[in-house]
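Results of the structural survey
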Amino acid sequence: MKNTIDILKFSIWTICTGLFLLSCKITPETTVPAKHIVEIKAMKFQPAELIVNSGDTVIWVNRDLVAHDVTEEPGKSWTSSVMPAGASWSLVVTKSADYYCSIHVVMKGKLLVQ
Amino acid sequence: MKNNNFLKLAIAIVSVSLVMFLTPAYSQENPKLSDAEVASVAVVANQIDIDYAEIAKKRSKNKDVLKFSGTMKNDHTAVIGQAAALVKKLGVTPKDNAVSQKLLANAKKIKTTLNSTSGKSFDKAYIDNEVTYHKSVINAVESLLIPETENPELRELLQNVLPALKTHLEHAVMLQTKIANK
């Protein structure tokens, strides 16, 4: 009787372990999209250059005294519109881009999708 | 043409005198300012550039100049707002003083000169003055206003304004080159 229970326990353990290992193997590799913060501070994008994965979210936070925006260049294919002091804006990034502040055109940044 | 040369000379004279006044190394005496007087100079200096921007809005048709002047108006208005909120919090009343008065006197001359020009001459005169004005104000903030300020919050506000002034200068120099090459 005891022998039968031990065999049953061992069988259940083997099946569960097998299923677990199988599920690990067949589950596709997924990465959770990350969130990145770019501070707009002292009239600079900090960091000015950011490496991200496709699908990651970048959040720009305006910590300056004055309004800014975040605008793709050269085509202006996306823009935050005016961000007053203290405002933030986010974008799901799918491709690399150069961007600038169209209010203060000497302020520039770069997104690199790896 | 002769008139144009006169305008250039007038702006140059006023601008140079402004730089000389605002640069302690050139002034006969390094003025001693209280925090209330520093606050007054800061507000006056910002308001002067807003006034120049208002003139540009009326007299220029150049889209780059109009956009730049709009930015000057918005940014300097934001700085005045921050300064006003801080002096209210600190219970300080900005106090008129010799530096504020001199700034206003020079600005009056420059505004008269700017108001007498139009078209491309105006655009050049306005941007040239913005370059000179921002250089002199940056110099004054770094070598006069920050060292003279005792209150740490007022000093911090002045330090926080410097990057904006330097970005304005960089933008103005870029426009100056663009206008000169047109």
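Residues numbered from 1 in each chain as written. Chains lettered and ligands numbered in written order. Predicted model: local features only at pLDDT ≥ 70, side-chain atom pairs only at ≥ 80, totals over all residues.

1. A short note on the interface of chain A and chain B
- Listed as interface residues are 11 residues of chain A and, on the opposing side, 14 residues of chain B.
- Looking at the side of chain A that touches chain B, its residues break down into 10 nonpolar, 1 polar and no charged. (Contact = placed C-beta atoms within 7 Å. Nonpolar A, V, L, I, M, F, W, Y, C, P; charged D, E, K, R; others polar.)

2. Description of unusual backbone geometry
Residue and element names in this part refer to chain A.
- With omega at 5 degrees, the peptide bond leading from Gln46 into Pro47 counts as cis.
- The topology assignment puts Pro47 in the loop between β2 (44–46) and β3 (49–52).
- The omega torsion across Glu73 and Pro74 is 15 degrees, close enough to zero to call that bond cis.
- Mapped onto the elements of the fold, Pro74 is located in the loop between β5 (71–73) and β6 (88–92).
- In this structure, Lys76 is a non-glycine residue whose phi angle is positive, near 55 degrees.
- Within the fold, Lys76 resides in the loop between β5 and β6. (Helix = DSSP H or I, 4+ residues; strand = E, 2+ residues; numbered from the N terminus.)

3. Some points on the nonpolar core
- Val41, Ala42, Tyr126, Leu145 and Val161 of chain B are the most contacted members of the largest nonpolar core, which has 59 residues in total.
- Of all the secondary-structure elements, those providing two or more residues to this core are β1 (35–41), β4 (57–62) and β7 (97–100) of chain A together with α2 (35–59), α3 (63–90), α4 (98–115), α5 (119–148) and α6 (152–180) of chain B. (Core = buried A, V, L, I, M, F, W, Y, C linked by C-beta atoms within 7 Å. Buried ≥ 20, exposed ≤ 12 C-beta atoms within 10 Å, placed from the backbone.)

4. Focus on the sheet that holds strand β8 (residues 108–113) of chain A
All names here are of chain A.
- The 4 strands are arranged β3-β8-β7-β5 in an open sheet whose pairing can be described as mixed. Pairing within the sheet leaves two strands with one partner each, and these edge strands are β3 and β5. Strand-to-strand twist across the sheet, computed as the mean angle between neighbouring axes with direction ignored, equals 30 degrees.
- One ladder, built from 4 bridges, connects β7 with β8; its direction is antiparallel. Considered in β8, the bridge of Ala97 is made with Leu111. (Pairing = 2+ DSSP bridges. Axes fitted to C-alpha atoms, helices over the stretch in contact; angles between N-to-C directions.)

5. Some remarks on the environment of Gly91 of chain B
- Mapped onto the elements, Gly91 of chain B comes out in the loop between α3 and α4.
- The exposed category is assigned to Gly91 of chain B, around which 6 C-beta atoms lie within 10 Å.

6. Quick look at the packing of α5 of chain B against α6 of chain B
All names here are of chain B.
- Running from N to C, α5 and α6 point in directions that differ by 155 degrees, and their axes come no closer than 9 Å. With respect to α6, the element α5 is oriented roughly antiparallel. As α5 packs across α6, the resulting crossing turns out to be left-handed.
- When its residues are assigned to classes, the contact of α5 with α6 shows 16 nonpolar, 4 polar and 8 charged. (Parallel < 35°, antiparallel > 145°, perpendicular 65-115°, else oblique. Left-handed = near helix turned anticlockwise from the far one by under 90°.)

7. Thoughts on the sheet that holds β1 of chain A
All names here are of chain A.
- If you trace the 4 strands from one edge of the open sheet to the other, you get β2-β1-β4-β6, paired in mixed fashion. In the strand order of this sheet, the two ends are held by β2 and β6, each with one partner. Put simply, the sheet's adjacent strands are angled 20 degrees from each other on average, direction ignored.
- Two elements, β4 and β6, share 5 bridges in a ladder whose sense is antiparallel. Counted as the bridge partner of Ile59 is Ser90 from β6.

8. So, α3 of chain B
Residues and elements named next belong to chain B.
- Its 28 residues give α3 an end-to-end C-alpha distance of 40 Å, which sits within 8% of 40 Å, the value for a rise of 1.5 Å per residue.
- Burial in α3 covers these residues: Val65, Phe68, Ser69, Thr71, Met72, Asp75, His76, Val79, Ala83 and Val87.
- Buried positions along α3 lie against α2, α5 and α6.
- In the stretch just after α3, Gly91 is the one whose phi turns positive, near 70 degrees. (Expected span 1.5 Å × (residues − 1).)

9. Concerning the confidence of the model for chain B
Residues and elements named next belong to chain B.
- Scored by pLDDT, chain B comes out at a mean of 88, with 84% of its residues at no less than 70.
- Confidence drops under a pLDDT of 50 for residues 24–28, and excluding neighbours within four residues, the segment shows 5 contacts in the predicted structure.
- Among the scores for the predicted complex, ipTM is 0.80 and pTM is 0.80. (pLDDT = per-residue confidence, 0-100.)

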